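So the chains spell out like this:
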Amino acid sequence: MKRLIIISNLILNSVFALNGQSIQQLQNLAASYYQNNQFKESSKLYERIFYFKNEPTSNDLFLLAECKSKLNEYESAIYYYNLAVNKSNIDTLKAYYYIKISQIFIFTERYYEAIQMLLISESLANNKQLQRIHFLLGSSYFLVDDYLNSKLYFNQIIEDKEQLSSLFAYTERRYPNANKAFWLSTIMPGLGQFYLGDIQDGINSMLVNTALVGLFIYTANESSFISASFSISPWLHRFITGGAANAERNANTKRQLNNKLILNKIINLYSNKDVI
């Protein structure tokens, strides 16, 4: 009961404070905080406006979403951007809000969700927005290894088709191949690392596993095969599987880095830097 009274008092105080201070004054103050990069203070004021204004506009919701985004409160930002979309009757504004949502998804590496938002915004956008949408779609598809669709969208905004095709040709090499690195290290410990160019790691893996094989043979001769199996085999299995898993992981990491370098080169081909 006491807790309910406290909450009621807080609500009443907020309402009375709002009555003493016009919505327009709050909006001006919130805008001032935003311009001075005081996003936390601005966000609190926009939240008050949202909850106590009879009909918050799409712009009110957009500004609150912007504050949340600046504060890295991405889920809240997405929520308010979506509310802004529902409030707006202007297609280009809806497209703009969808683009904002997609940028958060890309930043947080939720590329498939970004693609979904961007595809929705395509039918709502004007020509300038379409360039940005195609740029973001090309980038998002690239980051999920869908090079066919990525090239399709980049082709619509990049003039140097020959250079673009040349860069996409690198993606067809599929190097380094994670499965190949894994099986090479499984068959011959260290071989997967050599394939990736990690010579030192390959030598270390080969030396450790060779030593364990030698120890296994020595133990089997001095004691018994069963004794060697129980004492040495678990370690041998652990180092072989661990080395193979590391080779696979390193191959995926290297390929991602290689692809990001290719994507950066593709982005540099794009002359209209204003939409990036």
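Residues numbered from 1 in each chain as written. Predicted model: local features only at pLDDT ≥ 70, side-chain atom pairs only at ≥ 80, totals over all residues. Heavy atoms only, no water.

Enquirer: Even after reading the chapter, I still don't get the overall build of the protein chain, so can you show me in this structure?
Expert: Helix and strand content of the protein chain: 15 helices and 0 strands. Relative to its length of 276 residues, the protein chain is extended, with a C-alpha radius of gyration of 29 Å against a globular reference of 19 Å. Projected onto its principal axes, the C-alpha coordinates of the protein chain cover approximately 95 × 65 × 30 Å. Classification of the 276 residues of the protein chain by burial places 37% in the buried group. The contacts of the protein chain with a sequence gap of at least 6 include a subset with a gap of at least 24, amounting to 51%. (Helix = DSSP H or I, 4+ residues; strand = E, 2+ residues; numbered from the N terminus. Rg over C-alpha atoms; globule rule 2.2 N^0.38 Å. Buried < 20%, exposed > 50% of the residue type's maximum accessible area, 1.4 Å probe, protein only. Contact = heavy atoms within 4.5 Å.)

Enquirer: Just checking my understanding: could you explain the packing of aromatic side chains for this structure?
Expert: One pair of aromatic rings is described through two measures. These are the centre distance and the angle between the planes. The tally for this structure, following the rule as stated, stands at 15 aromatic pairs. Here the aromatic rings of Phe135 and Phe154 are separated by 6.3 Å at their centres, their planes lie at 80°, and the arrangement is edge-to-face. On the criterion of sequence distance, the pair formed by Phe135 in helix H8 (residues 127-143) and Phe154 in helix H9 (residues 147-155) is long-range, its members being 19 residues apart. You can call Phe135 buried: its relative accessible area is 6%. Seen in terms of ring centroids, Tyr141 and Tyr153 are 5.9 Å apart; in terms of plane orientation they differ by 10°. Their pairing is stacked. (Phe/Tyr/Trp six-rings, centres within 6.5 Å; stacked < 30°, edge-to-face > 60°.)

Enquirer: Help me understand the pattern of salt bridges in this model?
Expert: Between side chains of opposite charge, a pair can form when the charged atoms approach closely. In the structure shown here, the tally under the stated rule is 7 salt bridges. One salt bridge connects Glu47 with Lys68, and the closest N-O pair in it is separated by 2.8 Å. Of this pair, Glu47 sits in helix H3 (residues 39-52) while Lys68 sits in helix H4 (residues 58-70); the two residues are 21 residues apart in sequence, bridging distant segments of the chain. According to the relative accessible area criterion, Lys68 is buried, its value standing at 7%. In this structure, Glu75 engages Arg110 in a salt bridge whose closest nitrogen and oxygen atoms are separated by 2.6 Å. Pair noted here: Glu75 is in helix H5 (residues 74-87) and Arg110 is in the loop between helix H6 (91-107) and helix H7 (111-122), with a separation of 35 residues, a long-range link. Overlapping salt bridges, with partners in common, bring together Glu47, Lys68 and Glu73 in one network. (Salt bridge = Lys/Arg side-chain N within 4 Å of Asp/Glu carboxyl O.)

Enquirer: Even after reading the chapter, I still don't get the environment of Ser140, so can you show me in this structure?
Expert: On the secondary structure map, Ser140 appears in helix H8. Put simply, Ser140 and Leu118 are 22 residues apart on the chain and 9.7 Å apart in space, counted from C-alpha to C-alpha. Setting aside residues no more than four positions away along its own chain, Ser140 makes contact with Ile106, Tyr111, Ala114, Ile115 and Leu118.

Enquirer: Explanation requested: the nonpolar core in the structure shown.
Expert: A general feature of soluble globular proteins is that nonpolar side chains tend to end up buried together. Phe154 and Ile266 are the most contacted members of the largest nonpolar core, which has 53 residues in total. Of all the elements, H6 adds the most residues to this core, at 8 residues. Setting aside its immediate chain neighbours within four residues, Phe154 contacts Phe135, Gly138, Ser139, Leu164, Phe168, Leu263 and Ile266. Core analysis: the next-biggest nonpolar cluster, separate from the first, contains 6 residues, Ala178, Ala181, Tyr195 and Ala247 among them. (Core = buried A, V, L, I, M, F, W, Y, C linked by side-chain atoms within 4.5 Å.)

Enquirer: Whenever I open this one, unusual backbone geometry confuses me. Can you help?
Expert: Outside of glycine, negative phi angles account for most residues, and trans bonds account for most peptide bonds. The phi dihedral of Asn37 is positive, around 60°, even though this residue is not glycine. Residue placement: Asn37 occurs in the loop between helix H2 (23-35) and H3.

Enquirer: Is there a simple way to think about a nonpolar patch on the surface in this case?
Expert: Residues Trp183, Ile187, Met188 and Leu191 make up a contiguous nonpolar surface patch of about 440 Å² in total accessible area. Locating Met188 in the fold gives a position in the loop between helix H11 (178-187) and helix H12 (191-196). For Met188, a relative accessible area of 42% translates into the label partly exposed. (Patch = residues over 30% accessible without salt bridge, like charges linked within 9 Å, V, L, I, M, F, W, Y side chains within 5 Å. Areas by Shrake-Rupley, 256 points an atom, 1.4 Å probe, with all protein chains shown as cover.)

Enquirer: How should I be thinking about the side chain of Asp198 in this particular structure?
Expert: The topology assignment puts Asp198 in the loop between H12 and helix H13 (199-222). Judged by relative accessible area, Asp198 falls into the buried class, the value being 18%. Contacts of Asp198, omitting those with residues within four sequence positions, involve Gln193, Asn250 and Lys254.

Enquirer: Got a minute to help me understand H4 in this structure?
Expert: For the α-helix, the turn length of 3.6 residues means that residues three or four positions removed from each other point alike. Here H4 is 13 residues long and its end C-alpha atoms lie 18 Å apart, about the 18 Å a rise of 1.5 Å per residue gives. Most of H4 sits inside the fold, with 10 of its 13 residues counted as buried. Buried within H4 are the following residues: Ser58, Asp60, Leu61, Phe62, Leu64, Ala65, Glu66, Cys67, Lys68 and Ser69. Taken together, the buried residues of H4 touch H2, H3, H5 and H6. Positive backbone phi, at 65°, marks Asn72, one or two positions downstream of H4. (Expected span 1.5 Å × (residues − 1).)

Enquirer: Would you mind going over the packing of H7 against H8 with me for this structure?
Expert: Angle between the axes and distance between the axes are the two parameters that describe a pair of packed helices. Between H7 and H8, whose axes approach to 9 Å, the crossing angle comes to 155°. As judged from the angle between their axes, H7 and H8 are roughly antiparallel. Relative to H8, H7 is oriented so that their crossing is left-handed. Here Tyr111, Ala114, Ile115, Leu118, Leu119, Ser121 and Glu122 of H7 come into contact with H8, specifically with Leu130, Ile133, His134, Leu136, Leu137, Ser140, Tyr141 and Leu143. (Axes fitted to C-alpha atoms, helices over the stretch in contact; angles between N-to-C directions. Parallel < 35°, antiparallel > 145°, perpendicular 65-115°, else oblique. Left-handed = near helix turned anticlockwise from the far one by under 90°.)

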